[in-house]
Amino acid sequence: MPASAACTSRRYNSDFMPIDLALLARYDTPTICNTIELFEVRPRNEGYMDRRIRACFPEMPPMVGYAATATMRCAVPRREGDVYGSLDEQVARFAELPGRPVVVFQDLDDPVVAATFGEVMCTTYQAFGAAGLVTSGAARDLDQVRRIGFPAFSNGSICSHGYSHIVDLHRAVRVGGITIHPGDLLHGDANGVTTIPLEIAADVAAAAAEFAAAESSVFDYLKSGKPIVGGFREARQEMMSKIAELGKRVRGQGLRP
């Protein structure tokens, strides 16, 4: 039998303003996190994955896309069917998402005993349009996956895939200490992975540029020559003033016309 098609009820991006994923990908994940804070829609210590989830390829540019969630087991054989049989259904269901998918696996084994993904799976996901992969489990075939330029995040590496098989598709999963629903918007780079609330995602894409420009007040001063404390204080106050003003605008009417 194929993996379960159970899907957590979730509003996808069609309920919100169009989101420019390419614009979000111009900024590193810490800048995206800083920008999200301005909207005050969630506590500052929520919404991002913990240090168990690390970039397999820190040199790669930011990954942005919508969560295509799944659960995986590697410790025991699948009861029946082809180990890769559910892969067909998984990539077919990418079409249910509002944009480029990011495959998100919760490894159900405790402790993790084998790799969630390798070259075959990542090449398949990439061919079907996925922007990357995140797993609470382990990785393998790292040299091969790096060569195809596919961003991946895991909690480590293990050389064997064991009895790896997909258990469920498009259900809520727990990865890196947070719950990810199918269709959640993810942003990840060398620093880690965060979710972007869909209701503010379009404004985050626009506000990130202004946030980065505000920070340049300090960077430009520090790079302009020999700094002094008074000048640094003024540059920092200018930065904080710009960020505060930006925060007021995004919490008010937003940045869209």
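So, a few notes on the structure that sits alongside this text. Treat the numbers as computed from the prediction; the structure is a model and nothing was measured. (Residues numbered from 1 in each chain as written. Predicted model: local features only at pLDDT ≥ 70, side-chain atom pairs only at ≥ 80, totals over all residues. Heavy atoms only, no water.)

Some thoughts on the nonpolar core
Counting 54 residues, the largest nonpolar core has Ile 19, Leu 24, Phe 105, Tyr 125 and Leu 185 as the members making the most contacts within it. Here the element with the most residues in this core is helix H6 (residues 201-223); it accounts for 9 residues. Those residues in contact with Tyr 125 that lie beyond four places of it in its chain are Leu 87, Gln 90, Val 91, Phe 94, Val 103, Phe 105, Ala 130, Leu 133 and Phe 150. Judged by nonpolar contacts, the second largest core, of 16 residues, contains Met 49, Ile 53, Val 102 and Phe 153. (Core = buried A, V, L, I, M, F, W, Y, C linked by side-chain atoms within 4.5 Å. Buried < 20%, exposed > 50% of the residue type's maximum accessible area, 1.4 Å probe, protein only. Helix = DSSP H or I, 4+ residues; strand = E, 2+ residues; numbered from the N terminus. Contact = heavy atoms within 4.5 Å.)

So, the pattern of salt bridges
Applying the stated criterion to the full structure yields 11 salt bridges. The partner of Glu 238 in a salt bridge is Lys 242, with the nearest N and O atoms 3.1 Å apart. Placement of the pair is Glu 238 and Lys 242 together in helix H7 (residues 229-251), with a separation of 4 residues, close to one helical turn. Under the relative-accessibility criterion, Glu 238 is labelled partly exposed at 39%. Of the residues examined, Lys 242 reaches a relative accessible area of 38% and is grouped as partly exposed. With its nearest N and O atoms 2.8 Å apart, the salt bridge here joins Glu 245 to Arg 249. Taken together, the residues span about one helical turn, with Glu 245 and Arg 249 both in helix H7 at a distance of 4 residues. (Salt bridge = Lys/Arg side-chain N within 4 Å of Asp/Glu carboxyl O.)

Remarks on the pairing of strand E12 (residues 192-196)
Counting buried positions along E12 yields 5 of 5 residues, so the element is predominantly enclosed. A two-sided burial pattern is seen for E12, the buried positions comprising Gly 192, Thr 194 and Ile 196 on one face and Val 193 and Thr 195 on the other. As defined by bridge partners, strand E11 (residues 185-189) adjoins E12 across 5 bridges and the pair is classed as antiparallel. For Gly 188, the partnering residue across the bridge sits in E12 and is Val 193. Connecting E11 to the next strand, E12, in antiparallel fashion are 2 residues. (Pairing = 2+ DSSP bridges.)

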